Amino acid sequence: MPDLDVRIDEKRFGEAVILRDLTFSAQRGEFLALVGPSGVGKSTLLHLIAGLDTHFDGSVHWHGTPLHHHPQAPKSLGMMFQEPRLMPWLSALDNVRLVLSGTEAEGDRARMLLQEVGLGHALDAWPNQLSGGMQRRVALARAFAVAPRLLLMDEPFVSLDMPTGNRLRESLLELWRRDRPLVLFVTHDLREALALADRVLFMSEPPARIILDYVVPLERPRQLEGTAIAKLQEQLFAHHPDLLSGALDAPSESRDKP
Ligand SMILES: Nc1ncnc2c1ncn2[C@@H]1O[C@H](COP(=O)(O)OP(=O)(O)OP(=O)(O)O)[C@@H](O)[C@H]1O
């Protein structure tokens, strides 16, 4: 039985059908990227899986039980969004502690996670004293704080410059390797997907479904800007020309802002 089983028969907003017959399954420990052009329904899908939106036909199962009725549901799930969503009146440390129970052991865990993401020197800093990249580090530490079994990430490193994004991707992979949650990582950047994931799920044009479930044939570590990923991207588009127009924004040099 798969750890996660997603079957979205239909999701609509009013008359507009956003997702139809979208299915996939995954095991704990896998790193999945979900790619598709802007507006296709990636965030909507994550919201359905997270239980933030329950208005759809279909099901999301975790070990055979509807995810949100699962006895460990709150602990099973972590989320990270495009914006770091930190509480401005709380220090970096307290922003991570916020999702924990407040015991001393959990305070130590929050400290350790912040150290692991390179913020050991900034535990007491306020969010507005931190750069955008540092704020995302706090959000990353917070996402791992509850030791989630399933981690949903919605373009968490978008709009960062390449070196900052690379350091965050490296931190994410280190934490993932240690805790081995099932990660579902949404991005519109195929290179980022190929750099991070075991499998890349490509979404079709609306109403969206998964049109290709691609196992990434690369060893780790991988260089996002390296030739291996560039070649793989070329091969993919050569074998699946439909992906260019259908499933992705056209490849670009870089969408990251300077
Ligand atoms: N609450 C809502 N009410 C009505 N329409 C919505 C709502 N949320 C999203 N939509 C529409 O659903 C479609 C999918 O949106 P969604 O944000 O899931 O796409 P996305 O692939 O995540 O886009 P992006 O890459 O730009 O974040 C879009 O057409 C959007 O306008």
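Further up the page is the structure itself.
Residues numbered from 1 in each chain as written. Predicted model: local features only at pLDDT ≥ 70, side-chain atom pairs only at ≥ 80, totals over all residues.

*Asks:* Which parts of the structure should I look at to understand the sheet that holds strand S5 (residues 65-66)?
*Replies:* Strand-to-strand pairing in sheets goes through backbone hydrogen bonds, with the strands running parallel or antiparallel. The four strands lie next to each other as S2-S1-S4-S5, forming an open sheet whose pairing is antiparallel. Of all strands in the sheet, those with a lone pairing partner are strand S2 (16-26) and S5, marking the two edges. Looking at chain direction, strand S1 (residues 4-13) and strand S4 (residues 57-62) are connected through six bridges and run antiparallel. Note that in S4 the partner of arginine 7 across the bridge is serine 59. (Pairing = 2+ DSSP bridges. Helix = DSSP H or I, 4+ residues; strand = E, 2+ residues; numbered from the N terminus.)

*Asks:* Help me understand unusual backbone geometry in this model?
*Replies:* Among all residues save glycine, negative phi is the norm, and among peptide bonds the norm is trans. Residue proline 207 is bonded to the preceding proline 206 through a cis peptide linkage, with omega at -5°. Within the element layout of this structure, proline 207 appears in the loop between strand S9 (199-203) and strand S10 (210-215). In this structure, the amide linkage connecting arginine 220 to the following residue, proline 221, adopts the cis form with an omega of 0°. The phi dihedral of serine 159 falls on the positive side, at around 65°, and the residue is not glycine. Note that serine 159 resides in the loop between strand S7 (150-154) and helix H6 (162-179). You will see that arginine 180, though not glycine, has its phi angle at about 50°, which is positive.

*Asks:* Before we go on, may I ask you to explain the site of the ligand in this structure?
*Replies:* Phe13, Ile18, Gly36, Ser38, Gly39, Val40, Gly41, Lys42, Ser43, Thr44 and His188 make up every residue found near the ligand. Counting residues per element, the shell around the ligand draws most heavily on helix H1 (residues 42-50), which supplies three residues. A per-class count over the shell around the ligand returns three nonpolar, seven polar and one charged. (Near = placed C-beta within 6 Å. Nonpolar A, V, L, I, M, F, W, Y, C, P; charged D, E, K, R; others polar.)

*Asks:* Even after reading the chapter, I still don't get the sheet that holds S10, so can you show me in this structure?
*Replies:* Taken together, the six strands give an open sheet; going across it, the order is S6-S7-S8-S3-S9-S10, and neighbouring strands pair in mixed fashion. Looking at which strands have only one partner, the edges of the open sheet turn out to be strand S6 (77-80) and S10. Between one strand axis and the next, the sheet turns by 15° as a mean value, whatever way the strands run. Strand direction decides the pairing type here: strand S3 (residues 31-35) and strand S8 (residues 182-187), joined by five bridges, are parallel. Among the inter-strand pairings, leucine 32 is bridged to a residue of S8, identified as leucine 184. (Axes fitted to C-alpha atoms, helices over the stretch in contact; angles between N-to-C directions.)

*Asks:* Even after reading the chapter, I still don't get the environment of arginine 142, so can you show me in this structure?
*Replies:* Locating arginine 142 in the fold gives a position in helix H5 (residues 132-145). Judged by the 26 C-beta atoms lying within 10 Å of it, arginine 142 falls in the buried class. Sequence separation of arginine 142 and alanine 92 is 50 residues, and the distance between their C-alpha atoms is 9.5 Å. Discounting residues that sit within four places of it in the chain, arginine 142 has contacts with Asn95, Val96 and Val99. (Buried ≥ 20, exposed ≤ 12 C-beta atoms within 10 Å, placed from the backbone. Contact = placed C-beta atoms within 7 Å.)

*Asks:* Please clarify how the packing of H5 against H6 should be interpreted in this entry.
*Replies:* Angle between the axes and distance between the axes: these two values describe a pair of packed helices. The N-to-C vectors of H5 and H6 enclose an angle of 10°; their axes lie 11 Å apart at closest approach. As summarised for this structure, H5 and H6 are arranged roughly parallel, according to the angle between their axes. Each of Gly133, Arg136, Arg137, Leu140 and Phe144 in H5 lies in contact with H6, whose residues at this interface are Thr164, Leu168, Ser171, Leu172, Leu175 and Asp179. Along the lines of polarity and charge, the residues of the contact of H5 with H6 split into five nonpolar, three polar and three charged. (Parallel < 35°, antiparallel > 145°, perpendicular 65-115°, else oblique.)

*Asks:* I would appreciate a short explanation of the pairing of S2 in the present structure.
*Replies:* Each regular strand carries side chains that alternate between the two faces of the sheet. Two elements, S1 and S2, share nine bridges in a ladder whose sense is antiparallel. Residue pairing across strands places glutamate 10 opposite arginine 20, the latter belonging to S2. From the end of S1 to the start of S2, which pair antiparallel, there are two residues, and glycine 14 there has a positive phi angle of about 60°.

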